[in-house]
Amino acid sequence: MADGRSFNIRRLNEPQFSHLKLLLLWPIYFLVFLITERFIPRTYYHPMYHPLDDLIPFHEAFLIPYVFWYFFMAGSIIYALGTDTRAFRRQGWFMIFTFGTASVIYLLYPTCQQLRPSVFPRDNALTHMVQLLYWIDTPTNVCPSLHVCGSIGSALGLTDTRRFGTTGWKIVIWVITALIILSTMFLKQHSVVDVFWGLVLSAAAYILAYGHARKR
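Only a predicted model underlies this, so the values are computations on that prediction, with no experimental measurement involved.

**Here we look at the overall build of the chain**
Counting its secondary structure elements, the chain contains seven helices and two strands. In the chain, the order of α-helices and β-strands from amino to carboxyl end is α-β-α-α-β-α-α-α-α. Within the span of the chain, comprising 216 residues, buried residues form 44% of the whole. Residue pairs in contact within the chain that sit at least 24 positions apart in sequence constitute 83% of those at least 6 positions apart. As presented, the chain carries roughly 11800 Å² of accessible surface, and 70% of it is formed by carbon and sulfur atoms.

**Digging into unusual backbone geometry**
What you tend to see is this: most non-glycine residues have negative phi, and most peptide bonds are trans. The peptide bond linking Cys 143 to Pro 144 adopts the cis configuration, its omega dihedral lying at 0 degrees. The backbone of Asn 141 sits at a positive phi, close to 55 degrees, despite the residue not being glycine. Assignment of secondary structure puts Asn 141 in the loop between helix H4 (125–136) and helix H5 (146–159). The backbone of Lys 188 sits at a positive phi, close to 60 degrees, despite the residue not being glycine. With respect to the secondary-structure elements, Lys 188 resides in the loop between helix H6 (167–186) and helix H7 (192–210).

**Focus on the pattern of salt bridges**
The tally for this structure, following the rule as stated, stands at three salt bridges. Of the charged contacts, one joins Glu 60 and Arg 122 as a salt bridge, the two residues approaching to 2.9 Å between their closest N and O atoms. Within this pair, whereas Glu 60 is found in the loop between strand S1 (46–47) and helix H2 (63–83), its partner Arg 122 is found in the loop between strand S2 (111–112) and H4, the two being separated by 62 residues in sequence. Overall, Glu 60 belongs to the buried group, its relative accessible area being 4%.

**So, the packing of H6 against H7**
Remark: H6 packs on H7, axes separated minimally by 9 Å, with the N-to-C direction vectors making an angle of 150 degrees. Judged by the angle between their axes, H6 and H7 are roughly antiparallel. Where H6 crosses over H7, the two elements pack in a sense that is right-handed. Here Ile 181, Thr 184 and Met 185 of H6 lie close against H7, whose contacting residues are Val 192, Val 195 and Leu 199. Residue classes in the contact of H6 with H7 are distributed as five nonpolar, one polar and no charged.

**Topic: helix H1 (residues 25–39)**
Compared with an ideal rise of 1.5 Å per residue, which puts 15 residues at 21 Å, H1 spans 20 Å between its outermost C-alpha atoms and is within 8% of the ideal. When H1 is considered as a whole, its buried residues turn out to be Leu 25, Trp 26, Tyr 29, Thr 36 and Glu 37. The arc that holds the buried residues of H1, viewed along the axis, is 100 degrees, so those residues lie on one side. Away from the buried face of H1 by more than 90 degrees, exposed residues Pro 27, Ile 28 and Phe 39 are located. Those residues of H1 hidden inside the fold are in contact with H2, helix H3 (85–108) and H5.

Cut-off values and rules
Residues numbered from 1 in each chain as written. Predicted model: local features only at pLDDT ≥ 70, side-chain atom pairs only at ≥ 80, totals over all residues. Heavy atoms only, no water. Helix = DSSP H or I, 4+ residues; strand = E, 2+ residues; numbered from the N terminus. Buried < 20%, exposed > 50% of the residue type's maximum accessible area, 1.4 Å probe, protein only. Contact = heavy atoms within 4.5 Å. Areas by Shrake-Rupley, 256 points an atom, 1.4 Å probe, with all protein chains shown as cover. Salt bridge = Lys/Arg side-chain N within 4 Å of Asp/Glu carboxyl O. Axes fitted to C-alpha atoms, helices over the stretch in contact; angles between N-to-C directions. Parallel < 35°, antiparallel > 145°, perpendicular 65-115°, else oblique. Left-handed = near helix turned anticlockwise from the far one by under 90°. Nonpolar A, V, L, I, M, F, W, Y, C, P; charged D, E, K, R; others polar. Expected span 1.5 Å × (residues − 1). Arc of directions from axis to C-beta.

Below is the structure:
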């Protein structure tokens, strides 16, 4: 671990601080995503659909793990950054590969989903919040699912650290990851197809970032 108290911007290229440059992924990604979503005119989005989507019912309770994804990702990155430089580097390269590849795909192959219910089966606080989510989050640029890639990257980053690398913590973290992935389909935010390609992209990123064995 580098001593963060001795850091200043002029030392960014030194070996003990060079890993901090991986944080540049996030402003670059958000800028590219904003441009892709808001400023590039599209005449057609390819709808993502599989018959299995019809067998998955909408349920607003999955809003909880779906929104928890944001805290899960941010928390895993901050924790690895503060405690384990090696884990932070590996997680960083995983995120760069998955989010970078997805951004290129969104630019070249714009997709959408048409799975959102026109009428909610229940009327409660959670369905009202889902309605707000639908208003904020457009149903475009959905394949591969970054909720899938981001949650897997978060789980890998946490379980790569000493504290969360124990069996008990691994079970908890991967259950959370599974719930987040499921939430994308039960909230009708993603098709099964989006999830499948998110898993494929994550598998490729795992091989590149972590290798064939995660040895400490």
